[in-house]
Every structure is written in C-alpha cells, then in structure tokens.
Amino acid sequence: MTRLEEYRAIVGDEYIHDLYQKAKKLYHKHIVHINSTFQGGGVAEMLIALVPLMNDTGFDAGWRILHGNPDFFSITKKFHNGLQGEQINLSDMKKQIYEKTNYSFSRYTHLDHDCIVIHDPQPLPIIKFYRKRQPWIWRCHIDLSHPDPELWNFLKGFILKYDVVIISDEKYRKKDLPVAQRIIRPAIDPLSPKNMNIGNGTISRFLKKFDIPTDKPILTQISRFDKWKDPNGVIEVFKLVKEVIDCRLVLCGSMASDDPEALRIFEKIEQKVQRYRANKDIILLNAENNILVNVLQKTSSVIIQKSIKEGFGLTVTEALWKETPVVASNVGGIPLQIKDGENGFLLEPNDERGFANRIVEILENPDMARELGKKGKEYVRKNFLITRLLMDYLDLLREVLQ
Ligand code: UDP
C-alpha cells in the first residue's frame, strides 16, 4: 500500500508537509466512511486510496460497507437513476426496503466515531437509526441537477439531519436544501496500479492475455455497463469512424456489486455486436482488473466517454493522466476536466457524428494527439490528484470538528 511520502516526487515536499501539518488538529480523532461497495465505480476507487492516506497523516480513518440484498440494490439503483433525472415509481414497498436495510445494518454496526462520512444514497438513511452525537457528512457523487421531485423530497427528509453535504460541482448545489453544501472535486491516485507508470513488457503481456491486437488504432470506453454511459452510442460512433479509418473498439466494464442492471445491459450490447458485420473489431471485456484498465488507457489512440449523465467521470481523469486524447460528452463533471480543443474534445452526448469527426481528426494528427495528451496530464496534476482530495477533506474535517 502506498504511503503519503511516496507522493513527494509528484506534488513536492511542501505539499506533503502541509498535509501533515493540517492533520495535527485531528490527532486522536476517529472518522469513518460508509458506502455500499468495495469495488467497481468511482466511489470505491477513491476510498481505496483516500482512507489509508488519511491514516498516514496521523488520525484514524476507517471504512465500512453497507450490506444489502439484490432487492435493496435494485431499489437504490432506481434511486440513483431517479436522482439523475429519470422518473421513478416511488412505492411504499421501495421506501420500506430501503430504510429497513439501513436499519438492519445499524443493529450490528457501532458508530461511536468523531465524524461519519456517508457516500451516495444507499447508506443515506442510516443516520435515522443512531442517536446523533457527532457531525455527519453526506458525500453525494451523483449529478443532482434535475432529480425526480418526489424522490428528492423523500431523500431530503434524511439529508436534513446531516451537518454538511459534499457535492462535486456548483451546478449540483440545491437551493431548496438548507444544509451547508461544500464543493469537493473527486481525484485519482497516481500511484495506484490503475494509474502508475507501467513498462512495455507489462503492456504487451496484458494485451496478449486479453486478446487485444494492436495492428489497428484502438478506441476505448471504460465504464460500467450502464445506460447513462451510453455503450450503444459508443458503438454507433465507432461504426462512423470505421467508415473512414480502420480501427478497433474496446468496451471495458466491470460489474459493480451494487449495480444490478449491468449484466442485462452487457448482454444486450453483446447481441448488438453480434449483429454488426465487423464484429471481430469490437472487443467486450468485463474483467475487474486495474492493470488492464491502465494498459487500455495507455495504449488506446482515443478514449471515449460518451456519458449522458456523469457525476464527475474518473475514467476521464485517468485517461488524461496517461496523456491519451479524450473525446467526451459535455455533461456533469466532464467539462470540469476537459477544456474543449485544449486538452481534449467535448461534444453534446447525442452528437455521434461530432464524436466520430473529432476521433478521426485525432487519429489523423499524431502531433495534435500528443499536444492534447500533454496538456491533459498537466491539468490533472494541478487539479485532480488524491493528495488534493486529502487536503480538501482535512480542511473540512478541521472545520466540522473544531
Ligand atoms: N472501472 C474499472 N473497470 C471497468 C470499468 C470501470 O476499474 O471495467 C473504474 C474506472 O477505472 C473508474 C471507476 O471504475 O476508476 C469509474 O468511475 P467514474 O467516476 O468514471 O464512474 P462511476 O462508475 O462512478 O459512475
């Protein structure tokens, strides 16, 4: 596991010293993060890196995973979709299962910490089942700009009990929520297996192992199989590009344990691919493998992120960090990372022709691709590394625990 001092070479001694200094006021404090999965998706990805680094600075930070059954996760997935704007049928049954799962978890989970950080809607109601003796923070990683009104009203009942809500961007701020709202941008860990430098030997080994030939340029989207990530649209973009330049498409998506829709969507995509005449040039992967993600982000000629909604989009950050050109939708957190034409390209999510044109442009201009890549990496170094996320949390914890 990486130690805080190993980040010196990336962010400098001063920054590391500042982190240690800020943590001084938190000595003897014990905080805990709670979310609903240890793998798959951006939240788990950040907690894996963040929690050990919090401990390195000198206070105690823990991490618990809410346990739920398939019914619960199918309901919370609907809530996730509802928060992102889809209409949902909010039945009493759904509300009951949602609350009851949180209640059961609270019966065997002792929370006597100095501060509790709850991630996303799955464990949100748990606050109801404890006597509140400490600050509670709700960290929402989702695009909250147009939630289903009835669902939002229901969830707000729990949120009101929290002391602070963390959102990823100003545009997710809720005017009708009287709770303090803080913006903290997500981040990636540059030293994790997913983002660290890897040698050519490893790259070739992984490409061989997963049967990915490199005789043609590779376009890749790495995302859970989720309708908001629009895997269908990515295939349509690929078909358009392929009319101009021979290339391959890789769709790589792990199955998060709190995402019950993924398998169904994966199977639909499989069928769509089978119907396509050049289906040998589309590679579908559902392996949960960080080095594979690293290899794909590094070796692809273009990374696509054609999301319809995107809370932040760590896959974009990861690709920019590897100096690979990114063509992505102008939605959610993506425009916080990509300045159109400078360090990548932004398109409206339904503009498949636009996506294809930009991809062709990149494939035909290696100098431009290199320039986009260099700027992308620099932007991530300045704004979206885990050390900055740690600094933001230290600031917030000092504030709520003073
Ligand atoms: N991811 C992965 N393997 C996959 C697909 C996704 O490891 O096959 C990771 C991806 O690298 C990123 C995270 O899952 O770290 C996805 O985070 P993002 O913010 O892009 O989207 P979310 O899944 O949270 O909506």
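Everything below is about the structure printed above this text.
This text gives an overview of the structure that appears in the document. (Residues numbered from 1 in each chain as written. Predicted model: local features only at pLDDT ≥ 70, side-chain atom pairs only at ≥ 80, totals over all residues. Heavy atoms only, no water.)

**Observations concerning helix α10 (residues 290-299)**
Thought 1: Counting buried positions over the 10 residues of α10 gives 7, a clear majority of the element.
Thought 2: Here α10 has its buried residues at Ile291, Leu292, Val293, Asn294, Val295, Leu296 and Gln297.
Thought 3: Among the structural elements, α7 (200-209), β7 (218-222), β8 (248-252), β9 (282-285), β10 (302-305) and α11 (314-321) are those in contact with the buried residues of α10.
Thought 4: One side-chain oxygen at the N-terminal end of α10 lies 3.1 Å from the backbone nitrogen of Ile291; it belongs to Asn289. (Buried < 20%, exposed > 50% of the residue type's maximum accessible area, 1.4 Å probe, protein only. Helix = DSSP H or I, 4+ residues; strand = E, 2+ residues; numbered from the N terminus. Contact = heavy atoms within 4.5 Å. Polar contact = N/O pair within 3.5 Å; in protein donor to acceptor, adjacent residues only side chain to side chain.)

**With respect to the site of the ligand**
Thought 1: With respect to spatial proximity, 17 residues lie near the ligand, and among them Gly42, Lys194, Arg224, Ser254 and Glu318 are the closest.
Thought 2: Separating an oxygen atom of the ligand from a side-chain N or O atom of Lys194 is a distance of 2.7 Å.
Thought 3: In the complex, the protein chains occlude 91% of the 540 Å² of accessible area that the ligand would expose alone.
Thought 4: Of all the secondary structure elements, the ones that give two or more residues to the shell around the ligand are α3 (42-57) and α11.
Thought 5: The dominant element in the shell around the ligand, judged by the number of residues it contributes, is α11, at 3 residues.
Thought 6: Residues that form the shell around the ligand fall into these classes: 4 nonpolar, 7 polar and 6 charged. (Near = heavy atom within 4 Å. Areas by Shrake-Rupley, 256 points an atom, 1.4 Å probe, with all protein chains shown as cover. Nonpolar A, V, L, I, M, F, W, Y, C, P; charged D, E, K, R; others polar.)

**Section: the pairing of β10**
Thought 1: A two-sided burial pattern is seen for β10, the buried positions comprising Val302 and Ile304 on one face and Ile303 and Gln305 on the other.
Thought 2: Where β10 and strand β11 (residues 326-329) come together, 3 bridges link them in parallel fashion. In the strand pairing of β11, Ile303 is matched with Val326.
Thought 3: The parallel pair β10 and β11, bridged by α11, forms a crossover whose chirality is right-handed. (Pairing = 2+ DSSP bridges. Right-handed = clockwise from strand over helix to strand, strands pointing away.)

**A look at helix α2 (residues 13-23)**
Thought 1: Taken together, the buried positions of α2 are occupied by Ile16, Leu19 and Ala23. An end-on view of α2 places all buried positions within 55° of arc, on one side of the element.
Thought 2: Looking at the buried side of α2, the elements it contacts are α1 (8-11), α3 and α15 (386-401). (Arc of directions from axis to C-beta.)

**Considering the side chain of Ser192**
Thought 1: If you trace the backbone, Ser192 turns up in the loop between β6 (180-183) and α7.
Thought 2: A distance of 3.1 Å separates the side chain of Ser192 from the backbone oxygen of Asp189, its partner in a polar contact.

**Here we look at the packing of aromatic side chains**
Given two aromatic rings, one states the distance between the centres and the angle between the planes to describe the pair.
Thought 1: Tallying each qualifying case throughout the model produces 16 aromatic pairs.
Thought 2: A ring pair is formed by Phe225 and Phe266, whose centres lie 4.9 Å apart and whose planes are at 75°; its orientation type is edge-to-face. You can see Phe225 sitting in the loop between β7 and α8 (231-244) and its partner Phe266 sitting in helix α9 (residues 262-275), a full 41 residues away along the chain. A single burial state applies to Phe225 and to Phe266, both of which are buried.
Thought 3: Seen in terms of ring centroids, Phe312 and Phe384 are 5.3 Å apart; in terms of plane orientation they differ by 65°. Their pairing is edge-to-face. With Phe312 in the loop between β10 and α11 and Phe384 in the loop between α14 (366-383) and α15, this pair connects stretches of sequence that are 72 residues apart. No difference in accessibility class separates Phe312 from Phe384, as the two residues are buried.
Thought 4: Chaining the aromatic ring pairs together yields one cluster made of Phe72, Phe73, Phe79, Tyr98, Phe154 and Phe158.
Thought 5: The ring of Trp152 has Lys174 sitting right over it, with the charged end atom 5.3 Å from the ring centre. (Phe/Tyr/Trp six-rings, centres within 6.5 Å; stacked < 30°, edge-to-face > 60°. Lys NZ or Arg CZ within 6 Å of the ring centre and 35° of its normal.)

**Here we look at the sheet that holds strand β5 (residues 164-167)**
Thought 1: Ordered by their spatial adjacency, 6 strands build an open sheet running β2-β1-β3-β4-β5-β6, and the pairing between neighbours is parallel. Every other strand in the sheet has two partners, leaving β2 (60-65) and β6 as the edge strands with one partner each. When the angles between neighbouring strand axes are averaged without regard to direction, this sheet yields 20°.
Thought 2: Docked against the sheet, α3 engages β1 (30-35), β2 and β3 (115-119), running at close to 155° with respect to β2. (Axes fitted to C-alpha atoms, helices over the stretch in contact; angles between N-to-C directions.)

**Description of the packing of α11 against α14**
Thought 1: For the pair α11 and α14, interaxial distance at closest approach is 7 Å and the crossing angle is 120°. Comparing their axes, α14 and α11 come out oblique. At the point where α11 passes α14, the crossing takes the left-handed sense. Where α11 approaches α14, its residues Thr317, Leu320 and Trp321 are matched on the opposing element by Gly373, Gly376, Lys377, Val380 and Arg381.
Thought 2: Grouping the amino acids of the contact of α11 with α14 by side-chain chemistry returns 3 nonpolar, 3 polar and 2 charged. (Parallel < 35°, antiparallel > 145°, perpendicular 65-115°, else oblique. Left-handed = near helix turned anticlockwise from the far one by under 90°.)

**Here's the deal with the nonpolar core**
Thought 1: Among the nonpolar cores identified, the biggest contains 52 residues, and Ile31, Met54, Phe59 and Leu397 are the most heavily contacted of them.
Thought 2: Breaking this core down by element, the ones donating at least two residues are α2, α3, β3, β5, α11, β11, α12 (334-337) and α15.
Thought 3: Tallying contributions element by element places α15 first for this core, with 9 residues.
Thought 4: Setting aside anything within four residues of it in sequence, one finds Ile31 in contact with Met54, Phe59, Asp60, Ala61, Gly62, His113, Cys115, Val117, Leu397 and Leu401.
Thought 5: Judged by nonpolar contacts, the second largest core, of 36 residues, contains Ile127, Tyr130, Cys140 and Tyr162. (Core = buried A, V, L, I, M, F, W, Y, C linked by side-chain atoms within 4.5 Å.)

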